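Secondary and tertiary structure notes
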Amino acid sequence: AIAPIFISAPKNLTITYDDDDDVCDKIVYADNYDNIPMCKIIGEYDKTKIGTYNDLEYIISDISGNENKKTFNLNVVSKIDNTPSYVKPKYLYMKDIINNYKTDNTSIGIDVSKWQGSVDFKAVKDAGVEFVIMRIGSQRDPSEEIDMDVKFREYYKAAKEVGLSIGVYIYNTAISKEDGIKTAKWVIKELNGDKLDFPVAYDWENWTNFMKYKISLHTLSDAYLAFEKELQNNGYDAMLYSSKYYLENVWLNYDNSKIWLAHYTDKTDYQGKYIMWQMTSLAKINGITEN
């Protein structure tokens, strides 16, 4: 028996006294098979009265009665200050990344989307980059169509012209096998036979909306596996993009899949197999001035 898991459940939760949402709606949790696991809170609190309520407990359970528990503190306030605190980023520079990580067995690359604006791919290559993974499209919600990244065609042509190896990723919100297949077919159609040097990366990160989709972890993972199979049946390979935490705790049945690991650290301690490691989102390189 496997109990549901907490995906996102802060130790200290802060809400306003006029917030009508259920406290359980403030966290994200999931079960391996149950589409709608239950949540309840043990302990005394009044979310309409300003104050701090300590040592409360979330209890999440599946239809079979398997439970998982987590203690937390609830802070009820009159107003939440959402002003972002500015911390000067500590950038990594491409020359240092190459010095520290380039070996006979590694290639150094970047990933780009429209947010990088105008990219001088010759300058990028001259800086030591060997490959580029570019966003081909994105989807904000399962009910919406996939949009082509407005820079994809330009990036693909320019990177090809200077001899960079190329891969693509698709940001998507597939929540069923059918969605996974549909997403793969969209990618295949847009590539139109163009060859890639890397598997097509499947980028699913919509965890804040996970609860409203009412799906299990098996359903989420099956959507990726359907995407992978559809691509393979049409001459392309696939890889799952995800962070260390989600690979270790959320995704299922990917043992035979290729992995693009996201782990922002100098040296990853992820124990699984991966073919690509995204080590930072704060790098600077000649040829890119935006983001």
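Report on the accompanying structure. This one's a predicted model, so the numbers in the text were calculated from it and none came from an experiment.

**A closer look at the overall build of the protein chain**
For the protein chain, the count of helices and strands is 7 helices and 16 strands. Along the first, second and third principal axes, the C-alpha set of the protein chain runs to 65 × 45 × 35 Å. A burial count over the protein chain gives 45% of its 291 residues as buried. For the protein chain, restricting intrachain contacts to residue pairs at least 6 apart in sequence, the fraction spanning at least 24 positions comes to 63%.

**Concerning the sheet that holds strand β2 (residues 12-16)**
In sheet architecture, strand pairing relies on hydrogen bonds along the backbone and comes in two forms, parallel and antiparallel. Taken in spatial order, the 4 strands make up an open sheet running β2-β6-β5-β4, and their pairing is mixed. Each edge of the sheet is formed by a strand with only one pairing partner; in this case those strands are β2 and β4 (38-42). Each adjacent strand pair in this sheet contributes to an overall mean axis angle of 35 degrees, direction not counted. Sheet topology note: the β4/strand β5 (residues 51-61) ladder contains 5 bridges and is antiparallel. Within the sheet, the bridge partner assigned to Ile42 lies in β5 and is Glu57.

**Here we look at the packing of helix α4 (residues 177-191) against helix α6 (residues 217-232)**
Look at α4 against α6: their axes get within 7 Å of each other, and the N-to-C directions meet at 35 degrees. Pair α4 / α6 crosses with right-handed handedness. Of α6, the residues touching α4 (which contributes Lys177, Gly180, Ile181, Thr183, Ala184, Lys185 and Ile188) are Asp222, Ala223, Ala226, Phe227, Glu230 and Leu231.

**Brief notes about a nonpolar patch on the surface**
On the surface, Tyr91, Tyr93 and Leu282 cluster together to form a nonpolar patch covering roughly 260 Å² of accessible area. As for its placement among the helices and strands, Tyr91 is situated in the loop between β6 (67-77) and β7 (92-93). For Tyr91, a relative accessible area of 33% puts it in the partly exposed group.

**Looking at the nonpolar core**
With 60 residues, the main nonpolar core has Met134, Phe210 and Trp251 as its most contacted residues. With 6 residues, the single largest contributor to this core is α6. With sequence-adjacent residues up to four places away left out, Met134 is seen in contact with Val112, Phe152, Tyr155, Tyr156, Ala159, Ile166, Gly167, Val168 and Tyr169. Among the nonpolar cores identified, the runner-up in size contains 17 residues, and Phe6, Ile41, Tyr58 and Ile60 belong to it.

Cut-offs used in this document
- Residues numbered from 1 in each chain as written.
- Predicted model: local features only at pLDDT ≥ 70, side-chain atom pairs only at ≥ 80, totals over all residues.
- Heavy atoms only, no water.
- Helix = DSSP H or I, 4+ residues; strand = E, 2+ residues; numbered from the N terminus.
- Buried < 20%, exposed > 50% of the residue type's maximum accessible area, 1.4 Å probe, protein only.
- Contact = heavy atoms within 4.5 Å.
- Pairing = 2+ DSSP bridges.
- Axes fitted to C-alpha atoms, helices over the stretch in contact; angles between N-to-C directions.
- Left-handed = near helix turned anticlockwise from the far one by under 90°.
- Patch = residues over 30% accessible without salt bridge, like charges linked within 9 Å, V, L, I, M, F, W, Y side chains within 5 Å.
- Areas by Shrake-Rupley, 256 points an atom, 1.4 Å probe, with all protein chains shown as cover.
- Salt bridge = Lys/Arg side-chain N within 4 Å of Asp/Glu carboxyl O.
- Core = buried A, V, L, I, M, F, W, Y, C linked by side-chain atoms within 4.5 Å.

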